[in-house]
Amino acid sequence: MTDGPEQSRGDPGADSAPIRRVVAHPRTLAALAGRQLPADGREPVADDLGRQTPLGDIYLRSLMRAQLRLGLAVVGVLVAVLGGLPFLFLAAPTLRNAMVAGVPAPWLIIGVAVHPVILTLAFVCLRHARRNEHDFTDLVERS
């Protein structure tokens, strides 16, 4: 990169275009060598992601934040459901002492009824994660 326009070396007074120099990492130069800019001069999001530009980092961070929010929401629901069971048993002493086919009801609830809840949460999490990734892919392909 130069501080100002440079004159050509042959004739100091010649009106020639300034010499431009690119200062970059060799990996970046290799990535730049094979790309062509669109006619409007804008670079698509895929280029920003592939070249690891700050804008591409912003897009990736937004996807990671969406996935993190989803994961935290699912874990929060799971903790609320599983953590609420002891309070349910304290609040309903008849449920705590109930027997179903000779097995205590709390054992059935904790050992059997919780699994469909976990599977449902896993299914919901998977659907939303795929939707987040699909939205991100659409954003990349639209640009």
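Computed from a predicted model, the values in this text were never measured in an experiment. (Residues numbered from 1 in each chain as written. Predicted model: local features only at pLDDT ≥ 70, side-chain atom pairs only at ≥ 80, totals over all residues. Heavy atoms only, no water.)

Take the overall build of the protein next. Per the secondary structure count, the protein includes five helices and two strands. In the protein, the succession of helices and strands from N to C terminus is α-α-α-α-β-β-α. Nonlocal contacts in the protein, meaning residues at least 24 apart in sequence, comprise 44% of its contacts between residues at least 6 apart. Within the structure as shown, the protein displays about 10900 Å² of accessible surface, and the carbon and sulfur contribution to it stands at 64%. (Helix = DSSP H or I, 4+ residues; strand = E, 2+ residues; numbered from the N terminus. Contact = heavy atoms within 4.5 Å. Areas by Shrake-Rupley, 256 points an atom, 1.4 Å probe, with all protein chains shown as cover.)

There is a patch of nonpolar side chains on the surface, built from V77, V81, L82 and V117 and spanning about 250 Å² of accessible area. It is helix 3 (residues 54-91) that provides the largest number of residues to the nonpolar patch, a total of three residues. Structurally, V81 can be placed in helix 3. (Patch = residues over 30% accessible without salt bridge, like charges linked within 9 Å, V, L, I, M, F, W, Y side chains within 5 Å. Salt bridge = Lys/Arg side-chain N within 4 Å of Asp/Glu carboxyl O.)

As a further point, take the environment of F136. Topologically, F136 is positioned in helix 5 (residues 105-142). Take F136: its relative accessible area is 14%, and that puts it in the buried class. (Buried < 20%, exposed > 50% of the residue type's maximum accessible area, 1.4 Å probe, protein only.)

Before going further, it helps to examine helix 5. Between its terminal C-alpha atoms helix 5 stretches 54 Å, which fits the 56 Å expected from 38 residues at 1.5 Å a residue. At V114, helix 5 shows its maximal bend, which comes to roughly 40°, and the proline P116 appears one to four places after that position. Where helix 5 is concerned, the buried positions are A105, P106, V114, L121, A129, F136 and V140. (Expected span 1.5 Å × (residues − 1). Bend = angle between axes of the 7 residues up to and from the residue.)

This part covers unusual backbone geometry. Here A101, not a glycine, exhibits a phi torsion of approximately 55°, which is positive. With respect to the secondary-structure elements, A101 resides in the loop between strand 1 (99-100) and strand 2 (103-104). Residue class for A101 comes out exposed when judged on its relative accessible area of 81%.

It is worth spelling out the confidence of the model for the protein at this point. Chain-level statistics for the protein give a pLDDT mean of 76 and a share of 64% at 70 or above. Mean pLDDT across the secondary structure elements of the protein bottoms out at helix 1 (residues 26-33), with 59, and peaks at helix 3, with 88. (pLDDT = per-residue confidence, 0-100.)

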